[in-house]
Amino acid sequence: LCSPAGASKQDVREKVWDYLERSGLAAFPRPVHHRIPNFEGSHQACCSVKELEVFNRAHEIKVDPDKPLEGVRLAALQARKTLLVPTPRLRTGLFNRIVPPPGATKEILRICATSQGIKEYSVPVGLDGKARVDLVVVGSVAVSEKGWRIGKGEGYADMEYAMMVSMGAVQEDTPVITIVHDCQVVDIAEELLDDHDLTVDYILTPTRTIKTNCIRPKPQGIIWHKASYLCSHYEMLEKIPILKSLRYREKQAGKDVTLQDEHSDLANANTPAALNEKAMAENTRLQAATGSAQLGQHDVESDSLSPRLEESGMITTVFVGNIPPSVRVSELKCALREFHATPLRLNWQGAQHRAFLDYKDKATAENAVSSLKGLSLGGNTLRVELAKNQRNKGQVEINSQK
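As the structure is a prediction and not an experimental result, all values here were calculated from the model.

**Q** How would you sum up the environment of valine 143? Please name residues and give values.
**A** Positionally, valine 143 belongs in strand β6 (residues 142–143). Residues in contact with valine 143, not counting those within four places in the same chain, are Trp148, Arg149, Thr178, Val180, Gln184, Val185, Val186, Ile188, Val200 and Ile203.

**Q** Account for the pairing of strand β3 (residues 95–98), naming residues and giving values.
**A** Pairing between strand β2 (residues 82–86) and β3: three bridges, direction antiparallel. Among the inter-strand pairings, proline 86 is bridged to a residue of β3, identified as phenylalanine 95.

**Q** Tell me about the nonpolar core, and name the residues and values.
**A** If you look at the biggest cluster of nonpolar residues, it comprises 46 residues, and the most contacted ones within it are Val137, Ile177 and Ile179. With five residues, the single largest contributor to this core is helix α4 (residues 70–78). Residues in contact with isoleucine 179, not counting those within four places in the same chain, are Phe39, Ser42, Ala45, Cys46, Pro68, Leu69, Val72, Val137, Val138 and Leu204. Grouped together as the second largest cluster of nonpolar side chains are 24 residues, Tyr248, Val320, Val329 and Leu377 included.

**Q** How would you sum up the environment of isoleucine 222? Please name residues and give values.
**A** With respect to the helices, strands and loops of the structure, isoleucine 222 is situated in the loop between β10 (209–211) and α8 (233–239). Isoleucine 222 sits in the buried class, given a relative accessible area of 9%. In sequence terms isoleucine 222 and methionine 163 are 59 residues apart; their C-alpha atoms lie 6.4 Å from each other. Ignoring sequence-local partners within four residues, the contact set of isoleucine 222 consists of Met159, Ala162, Met163, Ser166, Leu243 and Leu246.

**Q** With reference to specific residues and values, describe the pattern of salt bridges.
**A** Opposite charge on two side chains permits pairing when their charged atoms draw close. Tallied over the full model, the rule gives 13 salt bridges. A salt bridge links arginine 208 to aspartate 182; the shortest N-O distance between them is 3.9 Å. Here arginine 208, found in the loop between β9 (202–204) and β10, pairs with aspartate 182, found in the loop between β8 (176–179) and β9; they are 26 residues apart in sequence, far enough to count as distant. Sharing partners across several salt bridges, the network here consists of Lys62, Asp64 and Glu160.

**Q** Can you lay out the environment of serine 166 for me, pointing to particular residues and giving the numbers?
**A** Looking at the secondary structure, you find serine 166 in helix α7 (residues 156–166). Along the backbone, serine 166 and glycine 221 are 55 residues apart, and their C-alpha atoms lie at a distance of 5.1 Å. Every residue in contact with serine 166, bar those within four places of it in the chain, is listed here: Gly221, Ile222, Leu246 and Glu250.

**Q** Go over the confidence of the model for the protein chain, please, and point to the residues and values.
**A** In this model, the protein chain carries a mean pLDDT of 79, and residues with pLDDT of at least 70 account for 74%. The spread of mean pLDDT over the elements of the protein chain runs between helix α12 (residues 295–298), the lowest at 35, and β9, the highest at 98. Below a pLDDT of 50 lies the segment residues 263–300, which in the model reaches 42 contacts outside its immediate sequence neighbourhood of four places, other chains included. When the criterion is pLDDT under 50, residues 392–400 qualifies, and its contacts beyond four places in sequence or with other chains add up to 24 contacts.

**Q** How would you summarise α4 if you had to cite specific residues and measurements?
**A** Of all the nine residues making up α4, seven are buried; the element is thus mostly covered by neighbouring parts of the structure. Listed in full, the buried residues belonging to α4 are Gly71, Val72, Arg73, Leu74, Ala75, Ala76 and Leu77. Phi for arginine 80, located one or two positions after α4, is positive at around 60 degrees.

Procedures and definitions
Residues numbered from 1 in each chain as written. Predicted model: local features only at pLDDT ≥ 70, side-chain atom pairs only at ≥ 80, totals over all residues. Heavy atoms only, no water. Helix = DSSP H or I, 4+ residues; strand = E, 2+ residues; numbered from the N terminus. Contact = heavy atoms within 4.5 Å. Pairing = 2+ DSSP bridges. Core = buried A, V, L, I, M, F, W, Y, C linked by side-chain atoms within 4.5 Å. Buried < 20%, exposed > 50% of the residue type's maximum accessible area, 1.4 Å probe, protein only. Salt bridge = Lys/Arg side-chain N within 4 Å of Asp/Glu carboxyl O. pLDDT = per-residue confidence, 0-100.

Here is the structure:
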């Protein structure tokens with residue numbers, strides 16, 4: 001296939017998808033449009049990975065969940081390598097690690113390599129899972145012999161790689177492989193590429209193994225001011241909870257994590273979220289002034305509720321667990337402000353590795369749970385959920401949540 005002069009990325013995608021369908025090369029699931037396309041001969045192309053030195057010496061391999069990459073996932077499992085697969089649309093974390101049952105037969109390994117197996121035989125790996133990926137395998141809609149890649153247009157492979165860089169899971173020299181049909185290897189104009197676009201080092205097709213010797217640098221982490229290439233700024237953070245945790249961690253490390261149009265949002269200083277932040281800051285200031293938090297003596301902190309609110313009986317409590325011993329209450333407060341989840345009262349129980357957050361009603365509490373989902377502090381992904389036993393007047397049976 002030839003890419004016409006002046007073609008956009010979407011033009012290239014449509015041309016490849018149309019050709020695969022028209023030529024009878026498309027394979028299940030169909031139609032291949034708007035997907036990383038599966039194709040006749042994909043398993044043969046995947047088997048070529050076993051001939052690559054970068055595969056044979058790798059211990060931990062990240063392979064996308066796309067159907068045409070199933071053969072690579074199977075090869076990794078058969079070679080007893082650690083197999084990481086991104087969670088669908090990154091909604092529940094970054095990776096799942098596929099864990100076949102002890103003594104798994106060839107047939108069970110085949111199932112583990114499928115989308116069904118990813119659901120049934122995997123455990124989540126969060127930001128602090130200490131992943132050290134030796135090889136990355138991604139799907140493509142089109143790729144050039146120079147290693148320039150076009151995905152299906154949603155940006156997840158690019159974002160996943162950038163997140164792996166930010167969490168230290170990949171290095172500059174970590175090789176990237178893509179598996180495509182020969183017809184998907186096309187000329188791609190360099191001006192179509194952006195800084196966030198992932199390039200590849202090897203292209204495997206049913207008939208060829210291409211070493212690209214790509215000299216274009218790969219993404220060096222998340223480019224926050226451009227992060228809306230995936231979707232709109234705050235919408236992106238809501239859709240991908242682990243991205244919120246990563247952004248918070250990088251902000252704590254002093255990196256600029258300003259989103260593309262965040263500066264304009266600062267003008268909206270009187271939004272409910274902003275006013276809620278102000279209230280939390282004032283609460284913290286008053287608490288410091290009155291010495292209400294005696295962490296050194298009791299390891300418990302409880303910010304006061306307004307009596308009127310407490311008597312209303314509408315308070316809903318959120319449980320926060322799995323808090324590491326090294327985390328201080330000030331760090332949790334900072335995270336709550338950052339994620340616009342500031343409570344009316346915070347009951348800190350550091351010795352029990354937990355805290356309870358009181359909100360004015362159930363809807364506000366549920367929004368806080370959603371916002372804090374995936375939050376990582378001090379090396380642990382926190383457990384955040386509505387407290388199991390809600391009592392009248394905002395009281396909670398704290399011993400009920402282990």
